[in-house]
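The lines below spell out each chain.
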Amino acid sequence: MNLNYTTEELAFRDEVRAFLEKKLPEDIAAKVKGFRRLSKEDHQRWQKILSEQGWYATHWPEEYGGVNWSPVQKHIWDEESSRYGAPRSVPFGVNMVAPVIIKFGTEEQKQRYLPRILSGEDWWCQGYSEPGAGSDLASLKTRAVREGDHYIVNGQKTWTTLGQHANMIFCLVRTNTEVKAQEGISFLLIDMNTPGITVRPIITLDGEHEVNEVFFEDVKVPAENLVGEEDKGWTYAKYLLTYERTGLAGIGISKAALEHLKGLASRRLKNGKPLIEDATFGQRIAQVEIDLMAAAISNLRIIASVEGGGMPGAESSMLKVRGTEIRQTINDLARRAIGPYAIPFVEEELDLGYDGDFLSDENAAPVAPQYFNNRKLSIFGGSNEIQKNIVSKMILGL
Amino acid sequence: MDFRLNEEQQMLQDTVARLVRGEYSFEKRLEYSESELGFSADFWKQLGELGLTAVPFPEELGGFGGTGVEVQSVMTELGRGLCIEPYLQSVVLGGGLISQAGNSEQKEQWLGGIATGEVRAAVGLQEPQSFYNLNDVETRAEKSGDGYVLNGRKAVVIGGHCADVLVVSARTSGDSRDADGISLFLIPADAEGIERRTYPTIDGFKGCDLFLNNVQLGPDALLGDEGKAAEVIEYQTGRAISALCGEAVGAMEVACDLTLEYLKQRKQFGVPIGRFQVLQHRMVDMMSELEQARSMAILAASVADEPQSDERRRILAAAKNVIGRSGQFISEQGIQSHGGIGMTWEYNFAHYAKRLVMINHQLGDDDFHLERYAAMLQAS
């Protein structure tokens, strides 16, 4: 047993750190560290820097412009980029649809879409959930009917994250109603500018516009935009979901959020002393830090187990549950740390570049909105209840 | 032993319930919240006309000398409607502080208006450094001629943006966090030297921080005995905690009802999701939390207007601890039970969730009250 990185891995970490120190724009890092809003332009600027370095597509084989990092290298990258305040790449193109295209797509699809993902020309969003198909995804109803060399798509998708920025959407659609639910689903790539598509914002409880509904009315999609075989989409969807699940534990993000919390708790006072030195609050922070320490090692154990190749199994579901609970606890504590100042909603302080006096702490304004927004962590990417079902079935055989 | 409301109390609660049902649709609340005033002037007027703002005041002021139970009857319905009018700040706290500490001139000047709703009070007891400790007062009131001059800052004054009169604490002697040396002052809203930073709150109210810069006050502004306000503040925040328990229970009732309804109608895997045991048990846990909160609210109401005692202190700390925790539990588990829909602005559940979590940030959170309670434990 040896819990240390190898010499090569340490050298890689130094390289990553040097890159982040030199290339990560300060304004973007400040936004990420302070939980402030990132614009479309911020994401694109960072993506361009990563692409120039050749480090954008960490999950792709080299022949398509990927880096082909080992699981440990990917982990080092996640850890360090969270620590420095680099935004997480919007995953829908690079980490979700791309692996599916690489594994199941035609040569033409690879040639067309992969370079456009690398260059940032296409912004992808995900058309999975529907109003009636959430945890029970296979019950989806959006219909695609083949007419000549096109599909005609009708239906509705929902919870489409950052769909307002996207020009492409990958969709699960029903192509066959005669067979079992899972067997009649296909995987379609759809240009968002096609007539008949309407995007409607969903405003979340913190007042943010992050998710959308996408409506399809007689949308004509060229048949060559089908990925793989008709009616086999469920297989591709599941392949993609394993990619989605890895990384949802957000260990690196939790570590950064914990530092943010400790900063707040060092500056806020209780009875004249920093809150972090208070017996009650100090113990609350200590408890979540300990839980995070354990989850971080669990994460490393999973990474080490797939170092030789392959994808993590149902263990990543356990990690998703614990990891999201830990992140939510950290958000809960940050909200508690600002006490009465959790109540004001100081919208002008949510954006970087606010140059007035801060109502309380410079990092306070996003704290309560972030707590409410991150209730999503235990809901999305397969709710934590669904993850537990996976564990009890796949690992426990129950 | 009888835990039911008497006929008069039940009539009172029904009156508020009818008014809220008539005036307070979810859509209207959003409108009220986004208006400049931040709540409904019309609804507030109706509360006054029906005598509801007078509930805790004596008969000569048009009230019926209501105590904890009556105030909770009102607050529970306001909580069910998620109402954002400053009943807690003006009627319960502002009115309470003036009733307890005011001299006859002060009572005459302010209480009649507060009881009819024509005058609104707001209360500034917290400061940026105070966290939840209301004895942590750094705002100074220095003697000046026969009056006082105030300097300092009061934090998160809900309703302070539009109140006619402000009741604030300031230190006339002693060091930060000494209970001795805290005084209360009545400040007309338009007094010179007051600046406000106004903001909406995350749960739909409006409030402000008050910056007091050389605010000159006459001798008649002192409310109660100089330097002796800590006990008054403690007693009145105790009454407010009981009222807040009522509001929280009302909001939790609706949050639980909405969640149960959703479990029955939302279908996944071909069945209502309420058929899944994990969600059944969660719903049972939510209901159990609501019952715990109800019990503590009743207990809090029973001591809210009793003379101060260690028993009263213990009960009110315990009650606020319980509603803080149960409110957060019901919010979080209710959102989880709903899935994404529970997080949307368009659906009322999210707004109940936000209010319930923020109730834990008013008048001390569950940690604060747990510490208070623990400090009163004695070795036997």
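All values derive from a computational prediction rather than experimental measurement.

Would you take a moment to explain the nonpolar core for this structure?
The biggest cluster of nonpolar side chains holds 138 residues, and the ones touching the most others in it are A:L261, B:L78, B:Y87 and B:L184. Per element, the largest residue contribution to this core is 19 residues, and it comes from helix α7 (residues 229-265) of chain B. The contacts of B:L184, once residues within four sequence positions are left out, are B:L97, B:L125, B:V167, B:V168, B:S169, B:A221, B:L222, B:L223, B:A229, B:V232 and B:I233. Grouped together as the second largest cluster of nonpolar side chains are 72 residues, A:A57, A:L140, A:I185 and A:L240 included.

What's the story with the packing of aromatic side chains in this structure? I'm lost.
Given two aromatic rings, one states the distance between the centres and the angle between the planes to describe the pair. If you walk through the whole model with that rule in mind, you get 23 aromatic pairs over all chains. Here the aromatic rings of B:Y24 and B:F43 are separated by 4.9 Å at their centres, their planes lie at 70°, and the arrangement is edge-to-face. One end of the pair, B:Y24, is in the loop between α1 (7-23) and α2 (26-34); the other, B:F43, is in helix α3 (residues 41-49), and 19 residues separate them in sequence. With respect to burial, B:Y24 and B:F43 carry one shared label: buried. Its end group placed over the ring of A:Y371, A:R335 keeps NZ or CZ at 4.3 Å from the ring centre.

Help me out: how do you make sense of the pattern of salt bridges in this one?
It is possible for side chains of opposite charge to pair when their charged atoms get near one another. The full count for this structure, using the stated rule, is 51 salt bridges over all chains. In this structure, the salt-bridge partner of A:D27 is A:R45, at a minimum N-O distance of 2.8 Å. Separated by 18 residues along the polypeptide, A:D27 in helix α2 (residues 26-33) and A:R45 in helix α3 (residues 40-53) bring together distant segments of the chain. By relative accessible area, A:R45 is classed as partly exposed at 27%. In this structure, the salt-bridge partner of B:E247 is B:R355, at a minimum N-O distance of 2.6 Å. Taken together, the residues span a long stretch of sequence, with B:E247 in helix α7 and B:R355 in helix α10 (residues 348-359) at a distance of 108 residues. Grouping residues by exposure puts B:E247 and B:R355 together as buried. Put simply, A:R284, A:D332, A:R335, A:R336, B:D365, B:D366 and B:D367 are held in one network by salt bridges that share partners.

Help me out: how do you make sense of the domain arrangement of chain B in this one?
Residue and element names in this part refer to chain B. As assigned here, chain B comprises domain 1 (7-119), domain 2 (122-226) and domain 3 (230-375). The gap between the C-alpha centroids of domain 2 and domain 3 is 30 Å. Summing both partners gives a buried area of about 1100 Å² for domain 2 against domain 3, and 70% of it is carried by carbon and sulfur. On the domain 2 side of the contact with domain 3, Y132, I202 and D203 bury the most area, a combined 52% of that side's loss. At the boundary of domain 2 with domain 3, the tally comes to 1 salt bridge. A salt bridge links D203 to R355; the nearest nitrogen and oxygen atoms lie 2.7 Å apart.

I would appreciate a short explanation of the side chain of B:Q13 in the present structure.
Relative to the helices and strands, B:Q13 is located in helix α1. Contacts of B:Q13, omitting those with residues within four sequence positions, involve B:L5, B:S73, B:T76 and B:E77.

Would you take a moment to explain the interface of chain A and chain B for this structure?
By a widely used convention, the size of an interface equals the accessible area lost when the partners come together. At the interface, 55 residues of chain A touch 49 residues of chain B. With both sides pooled, the region where chain A packs onto chain B buries about 4200 Å², and carbon together with sulfur makes up 56% of that total. Joining chain A to chain B, the criterion identifies 35 residue pairs in polar contact (both at pLDDT 80 or more). When residues of the side of chain A that touches chain B are traced back to their parent elements, those giving at least two are β6 (197-203), β9 (269-270), α9 (279-305), α10 (315-337), α11 (367-373) and α12 (384-394) of chain A. A breakdown of the residues in the side of chain A that touches chain B according to their chemical character gives 26 nonpolar, 14 polar and 15 charged.

Looking at this structure, I do not really get the domain arrangement of chain A. What am I missing?
Domain annotation of chain A identifies domain 1 (7-89), domain 2 (123-231) and domain 3 (246-394). Computed over C-alpha atoms, the centres of domain 1 of chain A and domain 2 of chain A are 30 Å apart.

Honestly, the side chain of B:S40 in this entry has me stumped. Any pointers?
With respect to the helices, strands and loops of the structure, B:S40 is situated in the loop between α2 and α3. Apart from the residues lying within four places of it in its own chain, the contact partners of B:S40 are B:Y32 and B:E85.

Conventions and cut-offs
Residues numbered from 1 in each chain as written. Chains lettered and ligands numbered in written order. Predicted model: local features only at pLDDT ≥ 70, side-chain atom pairs only at ≥ 80, totals over all residues. Heavy atoms only, no water. Core = buried A, V, L, I, M, F, W, Y, C linked by side-chain atoms within 4.5 Å. Buried < 20%, exposed > 50% of the residue type's maximum accessible area, 1.4 Å probe, protein only. Helix = DSSP H or I, 4+ residues; strand = E, 2+ residues; numbered from the N terminus. Contact = heavy atoms within 4.5 Å. Phe/Tyr/Trp six-rings, centres within 6.5 Å; stacked < 30°, edge-to-face > 60°. Lys NZ or Arg CZ within 6 Å of the ring centre and 35° of its normal. Salt bridge = Lys/Arg side-chain N within 4 Å of Asp/Glu carboxyl O. Domains from an automatic or database assignment. Buried area = accessible area lost by both parts, 1.4 Å probe. Polar contact = N/O pair within 3.5 Å; in protein donor to acceptor, adjacent residues only side chain to side chain. Nonpolar A, V, L, I, M, F, W, Y, C, P; charged D, E, K, R; others polar.

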